[in-house]
Amino acid sequence: MQNPDTNYDGIDRRQQSGWHIDKTISLSHVVATLSIAIAGIWYLADQDKRIERNAIQIAHVDEQAIQRNSVLDDRFTRHEQLQAVTLTRIDDRLEKIHEYLRDMAQRAHN
């Protein structure tokens, strides 16, 4: 029986040097590439929807903030008015106390 290596006349792949590129395209590569392309397009389409949804939510939050600020401004204005009235009353009372003490000091000197 002869050794199979001695009868082989073809090129041994282990002895080839350099790069080897096969010119055929595998069906699995085509399917994988199409799948990745479809997934990428789908992701980008969903991303546009998410961005639009976030823009709507931001607009809603801005509207709520404007309404809250309006309510707080109204409350602040009312409190300012109440404080002004209260301070006026305190000022009047202090003025009366001051007049009373001045009258008492004049009576003590007389």
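Refer to the structure above for everything that follows.
Here the structure is a predicted model, which means the values were calculated and not measured.

(A) Layout of the overall build of the protein chain. When helices and strands are counted, the protein chain shows 2 helices and 0 strands. Considering the protein chain as a whole, with its 110 residues, one finds that 0% of them fall into the buried category. With the model as given, the accessible surface of the protein chain reaches about 11400 Å², and the carbon-plus-sulfur share is 58%.

(B) The arrangement of a negative patch on the surface in detail. A contiguous patch of negative charge on the surface is contributed by D91, D92, E95, E99 and D103. Assignment of secondary structure puts D91 in helix α2 (residues 27-109). In this structure D91 comes out as partly exposed when scored by relative accessible area, which is 48%.

Rules and cut-offs
- Residues numbered from 1 in each chain as written.
- Predicted model: local features only at pLDDT ≥ 70, side-chain atom pairs only at ≥ 80, totals over all residues.
- Heavy atoms only, no water.
- Helix = DSSP H or I, 4+ residues; strand = E, 2+ residues; numbered from the N terminus.
- Buried < 20%, exposed > 50% of the residue type's maximum accessible area, 1.4 Å probe, protein only.
- Areas by Shrake-Rupley, 256 points an atom, 1.4 Å probe, with all protein chains shown as cover.
- Patch = residues over 30% accessible without salt bridge, like charges linked within 9 Å, V, L, I, M, F, W, Y side chains within 5 Å.
- Salt bridge = Lys/Arg side-chain N within 4 Å of Asp/Glu carboxyl O.
- Lys, Arg positive; Asp, Glu negative; His and termini not counted.
- Charge placed at Lys NZ, Arg CZ, Asp CG, Glu CD.

Limitation: the analysis is restricted to geometry and does not speak to function.
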